[in-house]
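Chain by chain, the residues run as shown.
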Amino acid sequence: MTTIRGIYRGAAFGLLAALTLTACGGGDDSDSNPLTGDSAGSGGGSGKSIVVGSANFPENQLLAEIYAQALEAKGLKVTRKFDIGAREVYYDQVVKGGIGVFPEYNGALLATAVDKTSTATSTADINAELKKKLPPSVEILDSAVAEDKDSVTVTSETAAKYNLKTLADLKPVAKDMTIGAGSEFKTRTQGGVGLKTVYGVEFGKFQPLDAGAQSTLLQLLKSDKVQAANIYTTDPGIVEDKLVVLEDPKNLFSSQNVTPLVYKSAVNDTAKAALNGISAKLTTEDLVEMMKKLVNDKEDAGAVAKEWLTSAGLVS
């Protein structure tokens, strides 16, 4: 895949404004970060700070904190720039060098930022395409087996009412339903566009939310203010509230392995080894357990990150 991506703190308007600013930005390759004015750093061990960024939802912020602590444990200087926004906002900053390290989801990165026409769905095929098509200033490192996929999820009551098991089952009834999701979901191939072209599904209404508000989205879903929602599959609320993740037999939502995206000149071999070490250990089950601590138990992200890194033997 966490929390929704649209109402989030009423940030839909803020996101649109940020997208407008990004679209108007120049295409230079300077190392200046238009968001902060900071540099992504160079080579890790050169004395400069590596800028670790995150999107605006809790799981991604947690992953960024895991990356940051692992880098610091290797003696590297880190600057945290979390809660930046959606991929439509932050991706350019990585390409330009304003952000040095970012926890990405490989399938979504390919389909929403690198090649919107790609039909790759497996981890191997997605990563092969990313390695060919990413701009020369950036690269992906090793992918974790851990995945957090987009989904269209409904309550058990809605599933029973309309006999919903797969995304295809929505076609005759979606016109009478409202879907809640991050504002960017509406125009993404792995979102509203793909639902229409792949499954013929068009919802009657769209409720945009900000990417940090999945808890709000869950409340809207449970109260039937929206009848379907784009919930990340590691959200603990899916199991706790007995929600139904609709099956995706045509693989609209591709593999979404957690994968470090890095600005090449910002990371040295020590930094790469630390990040690849995380990918070698991180599982989907780990993500789910950490999200329970973060979302349900309200534990501090820094503490959750440190606990996992210690248990994985990556820090002492």
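So, how was this worked out
- Residues numbered from 1 in each chain as written.
- Predicted model: local features only at pLDDT ≥ 70, side-chain atom pairs only at ≥ 80, totals over all residues.
- Heavy atoms only, no water.
- Salt bridge = Lys/Arg side-chain N within 4 Å of Asp/Glu carboxyl O.
- Buried < 20%, exposed > 50% of the residue type's maximum accessible area, 1.4 Å probe, protein only.
- Helix = DSSP H or I, 4+ residues; strand = E, 2+ residues; numbered from the N terminus.
- Arc of directions from axis to C-beta.
- Contact = heavy atoms within 4.5 Å.
- Polar contact = N/O pair within 3.5 Å; in protein donor to acceptor, adjacent residues only side chain to side chain.
- Axes fitted to C-alpha atoms, helices over the stretch in contact; angles between N-to-C directions.
- Parallel < 35°, antiparallel > 145°, perpendicular 65-115°, else oblique.
- Nonpolar A, V, L, I, M, F, W, Y, C, P; charged D, E, K, R; others polar.
- Pairing = 2+ DSSP bridges.
- Left-handed = near helix turned anticlockwise from the far one by under 90°.
- pLDDT = per-residue confidence, 0-100.
- Phe/Tyr/Trp six-rings, centres within 6.5 Å; stacked < 30°, edge-to-face > 60°.
- Right-handed = clockwise from strand over helix to strand, strands pointing away.

K.L.:
Just checking my understanding: could you explain the pattern of salt bridges for this structure?
P.N.:
Side chains that differ in charge, positive against negative, can pair when their charged atoms come close. Counting across every chain of the model gives eleven salt bridges. The shortest N-O distance in the salt bridge between Glu-72 and Arg-80 comes to 2.9 Å. Judged by its relative accessible area of 34%, Glu-72 is partly exposed. Overall, Arg-80 belongs to the partly exposed group, its relative accessible area being 32%. Between Glu-104 and Arg-87 there is a salt bridge, with the nearest N and O atoms lying 2.9 Å from each other.

K.L.:
Even after reading the chapter, I still don't get helix H12 (residues 301-311), so can you show me in this structure?
P.N.:
Residues lying three or four places apart along an α-helix face the same way, a consequence of the helix completing one turn every 3.6 residues. Buried residues of H12: Gly-302, Val-304, Ala-305, Trp-308 and Leu-309, and no others. Within H12, the buried residues cover an arc of 165 degrees as seen down the axis, which keeps them to one side. Taken together, the buried residues of H12 touch helix H2 (58-73), helix H10 (269-281) and helix H11 (284-296). Between a side-chain oxygen at the N-terminus of H12 and the backbone nitrogen of Gly-302 the separation is 2.9 Å; the capping residue is Asp-300.

K.L.:
In this structure, what is going on with the packing of H2 against H11? I would like to understand it.
P.N.:
Helix-helix packing: each pair is described by the crossing angle between the helix axes and the interaxial distance. Two numbers describe how H2 lies on H11: the axes approach to 11 Å, and their chain directions differ by 110 degrees. Relative to H11, the element H2 lies roughly perpendicular. Residue-level inspection shows Pro-58, Glu-59, Leu-62, Leu-63 and Ile-66 of H2 in contact with H11, the latter providing Leu-287, Met-290, Met-291 and Leu-294. Split by residue class, the contact of H2 with H11 holds eight nonpolar, no polar and one charged.

K.L.:
Would you mind showing me how to read the side chain of Asp-115 here?
P.N.:
Checked against the element boundaries, Asp-115 lands in the loop between helix H4 (106-114) and helix H5 (123-133). At a separation of 2.6 Å, a polar atom in the side chain of Asp-115 contacts the side chain of Thr-117. Once residues lying within four places of it in the same chain are set aside, the contact partners of Asp-115 are Leu-110, Glu-129 and Lys-133.

K.L.:
Got a minute to help me understand helix H7 (residues 189-199) in this structure?
P.N.:
Of all the residues in H7, the buried ones are Gln-190, Gly-191, Gly-194, Leu-195 and Tyr-199. Within H7, the buried residues cover an arc of 115 degrees as seen down the axis, which keeps them to one side. Those residues of H7 that are buried lie in contact with H4 and strand E5 (152-154). Once H7 ends, the next one or two residues include Gly-200, with phi positive near 70 degrees.

K.L.:
Sorry if this is basic, but what is going on with the pairing of strand E6 (residues 178-182) here?
P.N.:
Sheet faces and side chains relate simply in a regular strand, where the side chains alternate between the two faces. Counting buried positions over the five residues of E6 gives five, a clear majority of the element. Taken together, the five bridges between E6 and strand E7 (residues 205-209) define a ladder with parallel strand orientation. Across the sheet, the residue bridging to Gly-180 is Gln-207, located in E7. With two bridges connecting them, E6 and strand E8 (residues 228-230) associate as parallel partners. Within E8, the position partnered with Gly-180 by the bridge is Ala-229.

K.L.:
Can you walk me through the sheet that holds E7 in this structure?
P.N.:
Strand pairing in a sheet relies on backbone hydrogen bonds, with the paired strands running either antiparallel or parallel. Sheet architecture is open: five strands sit in the order E7-E6-E8-E5-E9, paired in mixed fashion. Strands with a single pairing partner mark the edges of an open sheet, and in this sheet they are E7 and strand E9 (244-245). Where helix H8 (residues 214-222) meets the sheet, its contacts fall on E5, E6, E7 and E8, and the angle it forms with E8 comes to roughly 165 degrees.

K.L.:
How should I be thinking about the packing of H4 against H5 in this particular structure?
P.N.:
It is the contact of H4 with H5, at a shortest axis distance of 9 Å, that shows an interaxial angle of 45 degrees. With respect to each other, H4 and H5 are oriented oblique. Every pair of crossing elements has a handedness; the one defined by H4 and H5 is left-handed. Between H4 and H5, the contacting residues are Asn-106, Gly-107, Leu-109, Leu-110 and Val-114 on the first element and Thr-123, Ile-126, Asn-127, Glu-129, Leu-130 and Lys-133 on the second.

K.L.:
Quick question: what am I supposed to make of the confidence of the model for the protein here?
P.N.:
Caution applies to low-pLDDT regions: their predicted coordinates should not be interpreted in detail. For the protein, per-residue confidence averages 87 on the pLDDT scale, and residues scoring 70 or more make up 84% of the total. Across residues 1-34, where pLDDT falls below 50, the model places 109 contacts with residues more than four positions away in sequence or in other chains.

K.L.:
Explain the packing of aromatic side chains to me, please; I cannot follow it from the model alone.
P.N.:
Working definition: an aromatic ring pair is given by the centre-to-centre distance plus the angle between the planes. With the rule as written, the count across this model stands at three aromatic pairs. Among the aromatic residues, ring-to-ring pairing joins Phe-57, Tyr-105 and Tyr-232 into one connected group.

K.L.:
Can you walk me through the pairing of strand E2 (residues 78-81) in this structure?
P.N.:
Pairing analysis gives four bridges linking strand E1 (residues 50-53) to E2, with the strands arranged parallel. Bridge assignment links Val-51 to a residue of E2, and that residue is Thr-79. For the crossover that starts at E1, traverses H2 and ends in the parallel E2, the hand is right-handed.

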